[in-house]
Amino acid sequence: MNSTLSRTFQPYLLQHCSLVQWQRKLLATTAAALIMALSANISIPLQPVPLSLQSLAVLLIGAGLGRRLAVLAMLEYLILGACGLPFFAGGHGGINVLTSASAGYLYGFVVSAYIAGIAAERGYDRHFLSGLCAFALAHQIIFVFGVVYLALYLHTDIYQALQLGYLPFAGFDLLKFFIATMTMQGLWYRPGSKQD
């Protein structure tokens, strides 16, 4: 059986760069954590959850590094931010951000990166429709974590949490997973790009 479902593919960066040594893996995850920090600080300070480019970065990091390294990059990002570096939205840092109203989204990044990484390892990001569906699923996982946590944090119901933590972002976030899909298509199918 030679279908996309049964084959294993290399994520984009692993196919184009040698990341066998631990030092290179650490460099890749640290660079990804810095990209997350940069994307967090390109934000619109809405309440209770800011609008940023982080979820787009999560999808691209997952697709670029694969599930294992992408998850490590997200954990590194959370740890560095919790240590006080200004890695979170609005230039915030510290352990208190991991218990704030928007903390659920941060935890969702880890799972989302894992799903985007699995999608890349199965070659879904190499095809427009499968990439779009995979990135949409990975992106929505962030909101599942974020909205459920927000409801618990505010002691409110899911409907109210959806109004505060999902609906204001829905249109912009549809654009994000479309951009992620188009970015991966552009990378995979540019002239001279390696294909399996």
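These numbers come from a predicted model, not from an experiment. (Residues numbered from 1 in each chain as written. Predicted model: local features only at pLDDT ≥ 70, side-chain atom pairs only at ≥ 80, totals over all residues. Heavy atoms only, no water.)

## Quick word on the overall build of the chain
- A tally of regular secondary structure across the chain gives 7 helices and 2 strands.
- Mapped from its N terminus to its C terminus, the chain presents α and β elements in the order α-α-β-β-α-α-α-α-α.
- Taking 16 Å as the expected radius of gyration for a compact globule of 196 residues, we find that the chain reaches 17 Å, a close match to that expectation.
- Projecting the C-alpha coordinates of the chain onto the three principal axes gives extents of approximately 50 × 35 × 25 Å.
- Among the 196 residues that make up the chain, the fraction classed as buried is 46%.
- Residue pairs at least 24 apart in sequence account for 72% of intrachain contacts in the chain once pairs closer than 6 positions are excluded.
- As presented, the chain carries roughly 9,800 Å² of accessible surface, and 70% of it is formed by carbon and sulfur atoms.
- Side chains of the chain give 10 positive and 6 negative charges; the mean places of these two sets differ by 12 Å. (Helix = DSSP H or I, 4+ residues; strand = E, 2+ residues; numbered from the N terminus. Rg over C-alpha atoms; globule rule 2.2 N^0.38 Å. Buried < 20%, exposed > 50% of the residue type's maximum accessible area, 1.4 Å probe, protein only. Contact = heavy atoms within 4.5 Å. Areas by Shrake-Rupley, 256 points an atom, 1.4 Å probe, with all protein chains shown as cover. Lys, Arg positive; Asp, Glu negative; His and termini not counted. Charge placed at Lys NZ, Arg CZ, Asp CG, Glu CD.)

## Things to note about the packing of aromatic side chains
- A full pass over the atoms with the stated rule returns 9 aromatic pairs.
- Ring centres 5.9 Å apart and planes at 85° place the aromatic pair Tyr 105 and Phe 143 in the edge-to-face group. Within this pair, whereas Tyr 105 is found in helix H4 (residues 103-121), its partner Phe 143 is found in helix H5 (residues 128-154), the two being separated by 38 residues in sequence. Phe 143 carries the same exposure label as Tyr 105, and that label is buried.
- For the pair Phe 143 and Phe 169, a centre-to-centre distance of 6.4 Å together with 35° between the ring planes defines the contact as tilted. Within this pair, whereas Phe 143 is found in helix H5, its partner Phe 169 is found in the loop between helix H6 (158-165) and helix H7 (170-188), the two being separated by 26 residues in sequence. The exposure classification of Phe 143 matches that of Phe 169, with both residues buried.
- Taken together through their ring pairs, the aromatic side chains of Tyr 105, Phe 143, Tyr 166 and Phe 169 make up a single cluster.
- Over the aromatic face of Trp 188 sits the side chain of Arg 126, whose NZ or CZ is 3.7 Å from the ring centroid. (Phe/Tyr/Trp six-rings, centres within 6.5 Å; stacked < 30°, edge-to-face > 60°. Lys NZ or Arg CZ within 6 Å of the ring centre and 35° of its normal.)

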